[in-house]
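Chain and residue survey
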Amino acid sequence: MSGIELGATGKLKRRSVVRALLQDRDGLLAIGGLGAPAWDITAAGDVPENLPLWGGMGGAAMMGLGLALAQPTRKVAVITGDGEMLMGIGSLATIAVQKPRNLSIIVLDNEHYGETGMQETHTRHGVDLVTMARGAGIADARLVRTAEEVIALRAAVHAGTGPIFAQVKIDEASEPLVLPPREASILQARMREAIMGKAAHLQ
Amino acid sequence: MSDAAADWPDQIYALLKEHDIRQVALVPDAGHSRLIKRCLADNDIKVATLTTEEEGIAMLFGAWLGGEKGVLLMQSSGVGNCINMLSVAIAHRTPCPMIVTMRGDYGEFNPFQVPMGNATQTVLEAMGTLVKRSDTPEDVAPTVNATLRMAFNTYRPTATLIGQRVIGAKTFGK
């Protein structure tokens, strides 16, 4: 898969990682954590199978769990940031106990709070999310630093061998804003319709 | 209905079945222990024990995205952990029913339970939640039924608070 680029720091460029993960997605449902990951999934294509979050910090992974349990035949990817994941880090334990085969938690780790002035997060100071996920009981917990590892991650997301946790070290450079609709009732209704058809609105 | 004083947890379980609840998220409370046992024994209900209650607000949102109904069981102290996450259900206009067993409410022994117990209804209502209380065993099932109906029919957070007069105050032998 071409187009996975490295930034000035030699780390992966976030938009190219997300574009590669969501390419030819075959119905993959994606939840984007608030801030840059929500803009990243939107930049890859503002489609109904995306649920970009404008808030609910710390909740993205658990939203993925509820969705994955409700739709066991669909693949679900939560794509979020290191700050958002740290706020809901206990949810890795909850997810590990539930063992959803169709759920992947992918953390785009730039080691900073990007939306609030690039303050450093704990991952900047050695906190190892992969080890925390593995300790929680997620056996497939992986560190992703190269294009090849992104391609392998994409294959694993679609294989349904989860739960998967991936910490993707990315370049910290900000990308241009690509905003999804801000009216969140539209965001949930369009995803529900994509999954269940018009009947979703009569549930 | 048989003896509501003893059977109200079973009546809640029957309501969960009637409303086709498929996901039950919870942080345990002694007052919910019988209901939790019923849910765990039911293969059609996925029970998730949480590390903190706001996980449940997020999980119920995900469940609804996927077309499944869920409910969050917790004690009143856990309501305090949920406050900002309720914005998810409010902004998306999605159902979020909560069944809360009260502490710090009526004859409480533990000082730490009182501040949140005393504030539970006020705080939930400040976050746009429709709150109904039941203070007698006979009132629990109709109140929970209303909470479930209002959540799934009108797409918002709703809560039943089950008073400590129903559950009995934990006295630590005092």
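A brief report on the enclosed structure follows. (Residues numbered from 1 in each chain as written. Chains lettered and ligands numbered in written order. Predicted model: local features only at pLDDT ≥ 70, side-chain atom pairs only at ≥ 80, totals over all residues. Heavy atoms only, no water.)

**Points about the pattern of salt bridges**
Under the counting rule described, the total for this entry stands at 19 salt bridges over all chains. Via salt bridges that share partners, D109, E111, E120, R124 and K169 of chain A belong to a single interconnected network. (Salt bridge = Lys/Arg side-chain N within 4 Å of Asp/Glu carboxyl O.)

**Some thoughts on the interface of chain B and chain A**
Size of an interface, as often reported, equals the accessible area lost when the parts are brought together. Between chain B and chain A, the residue contacts involve 28 residues of the former and 29 residues of the latter. When the two sides are added together, the surface that chain B and chain A hide from each other amounts to roughly 2100 Å², 63% of it contributed by carbon and sulfur. For the interface between chain B and chain A, the tally reads 0 salt bridges. Our enumeration of links across chain B and chain A arrives at 11 residue pairs in polar contact (both at pLDDT 80 or more). Within the residue set of the side of chain B that touches chain A, elements represented by two or more residues are β2 (46–49), α3 (54–65) and α5 (86–92) of chain B. For the side of chain B that touches chain A, the leading source of residues is α3 of chain B, giving 8 residues. Counted by class, the side of chain B that touches chain A contains 13 nonpolar, 10 polar and 5 charged residues. (Contact = heavy atoms within 4.5 Å. Buried area = accessible area lost by both parts, 1.4 Å probe. Polar contact = N/O pair within 3.5 Å; in protein donor to acceptor, adjacent residues only side chain to side chain. Helix = DSSP H or I, 4+ residues; strand = E, 2+ residues; numbered from the N terminus. Nonpolar A, V, L, I, M, F, W, Y, C, P; charged D, E, K, R; others polar.)

**Thoughts on the side chain of S104 of chain A**
Residue and element names in this part refer to chain A. Mapped onto the elements of the fold, S104 is located in strand β4 (residues 103–109). Among the residues examined, S104 registers a relative accessible area of 1% and is labelled buried. Setting aside residues up to four positions removed in sequence, S104 forms contacts with V76, A77, V78, V157 and I164. (Buried < 20%, exposed > 50% of the residue type's maximum accessible area, 1.4 Å probe, protein only.)

**Things to note about unusual backbone geometry**
The peptide bond linking G162 of chain A to P163 of chain A adopts the cis configuration, its omega dihedral lying at 0 degrees. Relative to the assigned elements, P163 of chain A resides in the loop between α7 (147–159) and β8 (164–169). In the Ramachandran plot, D20 of chain B falls in the positive-phi region, its phi being about 60 degrees despite a non-glycine side chain. Non-glycine residue Y155 of chain B carries a positive phi angle of around 60 degrees. Locating Y155 of chain B in the fold gives a position in the loop between α7 (137–154) and β6 (157–162).

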